[in-house]
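Spelled out, the chains give:
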Protein chains: 2
Amino acid sequence: MTATLIDGRALAATVKETLAVRIGELLAEKCSVRLDVVLADHNPAGSVYARNQAKMCEELGIEYRVHPVACDADDHTVLGVVSMLNSDPDVTAIMVHLPLPAGVDTHRVQAAIAVEKDVEGVNPANIGGVLYGRRALAPCTALATMRMIESTGIELAGAEVVCVGASTIVGRPVAALLMEAKATVVSTNIHTVNLAEHTRRGDVVITAAGVPGLLTGDMIKPRSIVIDVGINRITDADTGKKRTVGDVDVESVLPVASHLSPVPGGVGPMTVAMLLRNTVATADAG
Amino acid sequence: MTATLIDGRALAATVKETLAVRIGELLAEKCSVRLDVVLADHNPAGSVYARNQAKMCEELGIEYRVHPVACDADDHTVLGVVSMLNSDPDVTAIMVHLPLPAGVDTHRVQAAIAVEKDVEGVNPANIGGVLYGRRALAPCTALATMRMIESTGIELAGAEVVCVGASTIVGRPVAALLMEAKATVVSTNIHTVNLAEHTRRGDVVITAAGVPGLLTGDMIKPRSIVIDVGINRITDADTGKKRTVGDVDVESVLPVASHLSPVPGGVGPMTVAMLLRNTVATADAG
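Owing to the predicted nature of the structure, the values given are computational and were not obtained by experimental measurement. (Residues numbered from 1 in each chain as written. Chains lettered and ligands numbered in written order. Predicted model: local features only at pLDDT ≥ 70, side-chain atom pairs only at ≥ 80, totals over all residues.)

Engineer: Would you explain the overall build of chain A in this entry?
Structural biologist: Along the backbone of chain A there are 10 helices and 11 strands. Taking the principal axes of the C-alpha coordinates as reference, chain A spans close to 55 × 40 × 35 Å. Here chain A, with 286 residues, has 51% of them falling under the buried criterion. Intrachain contacts of chain A at a sequence separation of at least 6 include 68% that bridge at least 24 residues. (Helix = DSSP H or I, 4+ residues; strand = E, 2+ residues; numbered from the N terminus. Buried ≥ 20, exposed ≤ 12 C-beta atoms within 10 Å, placed from the backbone. Contact = placed C-beta atoms within 7 Å.)

Below, the structure is given as structure tokens:
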């Protein structure tokens, strides 16, 4: 017996198909569907990301606009751009690409994004809204993790879900979404005593610790669902080439788990789809 | 052997003494320390609370101002009062008494309170700030629960803390604070399968389920810390009189636990102290 791989690319494609239909309807109603991004000049990683994003938005019929800020811009300038986008009624979805120029207070900029336009869910008011059970834009990676779990058909109410890692990017926002989904949630971190005792009780185990090979087959319950959210760049011992792996020791986990969301090809593609989903949601609400 | 009772009234008195010293310093520096509350007319519970609050503030040297709204006020009116307080530089601490007039959207009003003046921590941006590990005003009951735990001297990093109940008022915000304190956090709810298995592993057990007698001695680990945050009004079988009890079966828990925060006299008085603490903190920051 071997675990079923949860195909993030296929699930993301399905999400995009559904979104394309909704976008078509909105455009037919003369509503615009639009994503406005703030991007620092001379930011190679951000530029590549933005180019791919532009292409994907074009394919789906989402208007994509880049608002560049100079590489030496200060808080005042970046906050000014965000404020302009916040007050523009034609702008429904705002994303701020990181890294921002050196010296800019990223947290301050994120908290300044209008709550209802914050498609990445980086304004604390949005995850606070999730925690308080209100309508809110959840962070994309956490939302993607939930979709991967839900794709297995598990009933989350009453299920025991163990999060390995309590980072502010993944572990904590996922815990907030899981509490809202009525799961029994176990949040672990580097200080947790005997991690394996916790993971072995999980109906679902989510790894987001940034440690290659951390979760092994002997650490999970037979037929449990494993969602790998780790992103680690390692050098392959055989080929000497760099490659991306998650936190899961795939070889030992596959024979034990019922489902595994792998890295790459799992939560990653779904995270991109969730950004598009939030973008369409804000256009829908607008 | 019997558990040590954590005396919330004594701890709250100590907090207030420390605050009184700081308030004295701030007043000597010509800084005002002030609490502005919004209170609906003809709200008997709120009025009693506000009168007690006024008295306590007066004792400590905190200026207390009530901003009444008519009992038939609408969203627009209440939001107008909050907006006026938000933009007044002399106002550093805002509390909105509940219930608001019928028909007013409480969540909308709470989300409108300026994040840095929200001394009750009811704006989702504040608990979101806690979850994201940023400087934020935490909700008073959750903060009080943390103080009761900390008073025992336990090291929270690596400790297993089980929350019984995942309400938006207590269970979830406490979980956010505990994650920030590096604890292993187990959030349970009414759907949790075999609750006792979870509580028996807790170094700390927090009950906030609203079920009298829910947590019994056989459900906890010897020498664990039990924090009762339940508030239940029951009729005494012997006397026929109403009284307030928590979620803990005190008789069976006392011989097993190392510490018990009781109801009444535990988290309740400390919650009031935490509101004052947040009020002084905002004056300090101002």
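Picking up where we left off.
Engineer: I would appreciate a short explanation of the sheet that holds strand S4 (residues 94-96) of chain B in the present structure.
Structural biologist: Pairing between sheet strands relies on hydrogen bonds along the backbone, with the strands arranged either parallel or antiparallel. All names here are of chain B. Sheet architecture is open: 3 strands sit in the order S3-S2-S4, paired in parallel fashion. Of all strands in the sheet, those with a lone pairing partner are strand S3 (63-69) and S4, marking the two edges. Here the strands of the sheet are splayed against their neighbours by 20° on average, with no regard to which way each runs. Bridge count between strand S2 (residues 34-40) and S3: 7 bridges; the pairing is parallel. Considered in S3, the bridge of aspartate 36 is made with arginine 65. (Pairing = 2+ DSSP bridges. Axes fitted to C-alpha atoms, helices over the stretch in contact; angles between N-to-C directions.)

Engineer: What is the right way to look at the relation of the copies chain B and chain A in this model?
Structural biologist: At an RMSD of 0.0 Å, chain B and chain A line up after a rotation of 180° and a shift of 0.0 Å along the axis. What we have between these two chains is a two-fold relation. Interface overlap between copies is the fraction of interface residues in one copy that are interface residues in the other; for chain B against chain A it reaches 100%, indicating a shared surface. (Least-squares fit on C-alpha atoms with pLDDT ≥ 70 in both.)

Engineer: Explain helix H10 (residues 267-285) of chain A here, please?
Structural biologist: Spacing of three or four residues puts side chains on the same side of an α-helix, whose turn is 3.6 residues. Look at H10 of chain A: 26 Å from first C-alpha to last across 19 residues, which is about the 27 Å you get at 1.5 Å a residue. Within H10 of chain A, 15 of the 19 residues are buried, which leaves the element mostly enclosed by the surrounding structure. (Expected span 1.5 Å × (residues − 1).)

Engineer: Help me understand the domain arrangement of chain A, please; the structure alone is not making it clear to me.
Structural biologist: Interface size is commonly expressed as the accessible area that is lost once the parts come together. If you check the domain split of chain A, you get domain 1 (29-116) and domain 2 (139-268). Computed over C-alpha atoms, the centres of domain 1 of chain A and domain 2 of chain A are 30 Å apart. (Domains from an automatic or database assignment.)

Engineer: Would you take a moment to explain the sheet that holds strand S5 (residues 160-164) of chain B for this structure?
Structural biologist: Strand order in the open sheet made by the 12 strands is S1(A)-S11(A)-S8(A)-S7(A)-S5(A)-S6(A)-S6(B)-S5(B)-S7(B)-S8(B)-S11(B)-S1(B), with mixed pairing throughout. Looking along the sheet, the strands with just one partner apiece sit at the ends: strand S1 (4-5) of chain A together with strand S1 (4-5) of chain B. Contacts from helix H6 (residues 140-150) of chain A reach strand S7 (204-207), strand S8 (225-228) and strand S11 (259-261) of chain A, with the element oriented near 155° to S8 of chain A.

Engineer: I tried to follow the pairing of strand S7 (residues 204-207) of chain B on my own but got confused; where do I start?
Structural biologist: On a regular strand, one side chain projects to one face of the sheet and the next to the other, so that they alternate. Residue and element names in this part refer to chain B. Of the two faces of S7, the one lined by Val204 and Ile206 and the one lined by Val205 and Thr207 are each fully buried. Two strands pair when backbone bridges link them, and S7 and strand S8 (residues 225-228) are joined in this way by 4 bridges, in the parallel orientation. Bridge pairing in S8 links threonine 207 to aspartate 228.

Engineer: Explanation requested: the pairing of strand S6 (residues 184-188) of chain B in the structure shown.
Structural biologist: Counting buried residues along S6 of chain B, 5 of its 5 residues qualify, which places the element largely inside the surrounding structure. Burial along S6 of chain B is two-sided: the residues Thr184, Val186 and Thr188 of chain B and Val185 and Ser187 of chain B are all buried. Pairing of strand S6 (residues 184-188) of chain A with S6 of chain B involves 3 bridges; the strand directions are antiparallel. Across the sheet, the residue bridging to valine 186 of chain A is valine 186 of chain B, located in S6 of chain B. One ladder, built from 5 bridges, connects S5 of chain B with S6 of chain B; its direction is parallel. Among the inter-strand pairings, valine 162 of chain B is bridged to a residue of S6 of chain B, identified as valine 186 of chain B.

Engineer: Can you walk me through the interface of chain B and chain A in this structure?
Structural biologist: Counting residues at the interface gives 29 residues for chain B and 29 residues for chain A. Sorting the residues of the side of chain B that touches chain A by element identifies helix H5 (124-131), helix H7 (171-180) and S6 of chain B as the ones contributing at least two each. At 7 residues, H5 of chain B tops the list of elements feeding residues into the side of chain B that touches chain A. Residues that form the side of chain B that touches chain A fall into these classes: 13 nonpolar, 13 polar and 3 charged. (Nonpolar A, V, L, I, M, F, W, Y, C, P; charged D, E, K, R; others polar.)

Engineer: Even after reading the chapter, I still don't get the nonpolar core, so can you show me in this structure?
Structural biologist: Soluble globular proteins tend to pack their nonpolar side chains together in the buried interior. In terms of nonpolar packing, the biggest core is built from 182 residues, with Cys163 of chain A together with Cys163 of chain B touching the most fellow members. Setting aside residues up to four positions removed in sequence, cysteine 163 of chain A forms contacts with Gly171, Val174, Ala175, Val185, Val186, Ser187, Thr188, Ile206 and Ala208 of chain A. (Core = buried A, V, L, I, M, F, W, Y, C linked by C-beta atoms within 7 Å.)

Engineer: What's the story with the packing of helix H1 (residues 8-28) of chain B against helix H10 (residues 267-285) of chain B in this structure? I'm lost.
Structural biologist: A packed helix pair is summarised by two numbers, namely the angle formed by the two axes and the spacing between the axes. All names here are of chain B. Where H1 meets H10, the axes come as close as 8 Å, and the angle between the chain directions of the two elements is 15°. For the element pair H1 / H10, the angle class is roughly parallel. Pair H1 / H10 crosses with left-handed handedness. Residue-level contacts link Gly8, Arg9, Leu11, Ala12, Val15, Lys16, Leu19, Arg22, Ile23 and Leu26 of H1 to Val267, Gly268, Pro269, Met270, Val272, Ala273, Leu276, Arg277, Val280, Ala283 and Asp284 of H10. Its residues assigned to classes, the contact of H1 with H10 shows 14 nonpolar, 2 polar and 5 charged. (Parallel < 35°, antiparallel > 145°, perpendicular 65-115°, else oblique. Left-handed = near helix turned anticlockwise from the far one by under 90°.)

Engineer: Can you help me understand the packing of H5 of chain B against H7 of chain B in this one?
Structural biologist: All names here are of chain B. At their nearest, the axes of H5 and H7 sit 8 Å apart, and the two run at 30° to each other. Taken together, the axis directions place H5 and H7 in an arrangement best described as roughly parallel. Packed against H5, whose contacting residues are Ile127, Val130 and Leu131, the element H7 presents Pro173, Ala176, Leu177 and Glu180 at the interface. In the contact of H5 with H7, the residues fall into 6 nonpolar, no polar and 1 charged.

Engineer: I would appreciate a short explanation of unusual backbone geometry in the present structure.
Structural biologist: Outside of glycine, negative phi angles account for most residues, and trans bonds account for most peptide bonds. At the junction of valine 263 of chain A and proline 264 of chain A, the peptide bond is cis and its omega measures out at 0° in the coordinates. For the bond from leucine 98 of chain B to proline 99 of chain B, the omega torsion is 0°, close enough to zero to count as cis. Within the secondary structure, proline 99 of chain B sits in the loop between S4 and helix H4 (106-112). The backbone of lysine 30 of chain A shows a phi angle near 65°, a positive value even though the residue is not glycine. Tracing the sequence through the fold places lysine 30 of chain A in the loop between helix H1 (8-28) and strand S2 (34-40). Located in the positive-phi region is histidine 42 of chain B, a residue other than glycine, with phi close to 55°. With respect to the helices and strands, histidine 42 of chain B occurs in the loop between S2 and helix H2 (44-60). The class for histidine 42 of chain B is exposed, based on 11 C-beta atoms found within 10 Å.

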